[in-house]
Amino acid sequence: MQEQQKLAVQQGIWIDEQWIRKAGLGPQLRVLIRPGEIRILPATEEAELPGEAATGW
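Please read all numbers here as calculations on a predicted model, not as lab measurements.

How each quantity is defined
- Residues numbered from 1 in each chain as written.
- Predicted model: local features only at pLDDT ≥ 70, side-chain atom pairs only at ≥ 80, totals over all residues.
- Heavy atoms only, no water.
- Helix = DSSP H or I, 4+ residues; strand = E, 2+ residues; numbered from the N terminus.
- Buried < 20%, exposed > 50% of the residue type's maximum accessible area, 1.4 Å probe, protein only.
- Contact = heavy atoms within 4.5 Å.
- Areas by Shrake-Rupley, 256 points an atom, 1.4 Å probe, with all protein chains shown as cover.
- Salt bridge = Lys/Arg side-chain N within 4 Å of Asp/Glu carboxyl O.
- Patch = residues over 30% accessible without salt bridge, like charges linked within 9 Å, V, L, I, M, F, W, Y side chains within 5 Å.
- Pairing = 2+ DSSP bridges.

Asks: Break down the overall build of the protein for me, with residues and values.
Replies: Per the secondary structure count, the protein includes one helix and two strands. Across the protein, helices and strands are ordered from the amino to the carboxyl terminus as α-β-β. Scored against the burial criterion, the 57 residues of the protein give a buried share of 11%. Here the analysis covers contacts within the protein between residues at least 6 apart in sequence; of these, 8% occur between residues at least 24 apart. Roughly 5,500 Å² of accessible area belongs to the protein as shown, and the carbon and sulfur atoms make up 53% of that amount.

Shown next, in the form of structure tokens:
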């Protein structure tokens, strides 16, 4: 199930712990930043996503 909410950026964005649990991300997170995109992923031992180069995008 996809859930969406429009947020206004003031001094940052708060992501409620309930959303993190619903997504099954776990207690430690990894944040990836690209132009126009921010991804929040579980912090795993896997260093990279498929298709990423070791030096970045």
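Still more to cover.
Asks: Explain the pattern of salt bridges residue by residue, including any values.
Replies: Side chains carrying opposite charge are able to pair once their charged atoms draw close together. One pass over the structure, following the stated rule, counts four salt bridges. One salt bridge in this structure joins Glu-37 and Arg-34, with 3.9 Å as the shortest N-O distance. For Arg-34, a relative accessible area of 29% translates into the label partly exposed. Glu-37 is the salt-bridge partner of Arg-39, the closest N and O atoms lying 2.6 Å from each other. Note on Arg-39: relative accessible area 32%, which makes it partly exposed. Each of Arg-34, Glu-37 and Arg-39 takes part in one network of salt bridges that share partners.

Asks: Explain a nonpolar patch on the surface to me, and be specific about the residues and the numbers.
Replies: Where nonpolar side chains cluster on the molecular surface, the patch consists of Leu-7, Val-9, Ile-13 and Ile-15 and spans about 350 Å² of accessible area. Secondary-structure assignment places Ile-15 in the segment before helix H1 (17-23).

Asks: I'd like a description of the pairing of strand E2 (residues 37-42), backed by residues and values.
Replies: For strand E1 (residues 29-34) and E2, the ladder comprises six bridges, and the chain directions are antiparallel. Residue pairing across strands places Arg-34 opposite Glu-37, the latter belonging to E2. Counted along the chain from E1 to the antiparallel partner E2, the turn is two residues long, and its residue Gly-36 has a positive phi close to 80 degrees.

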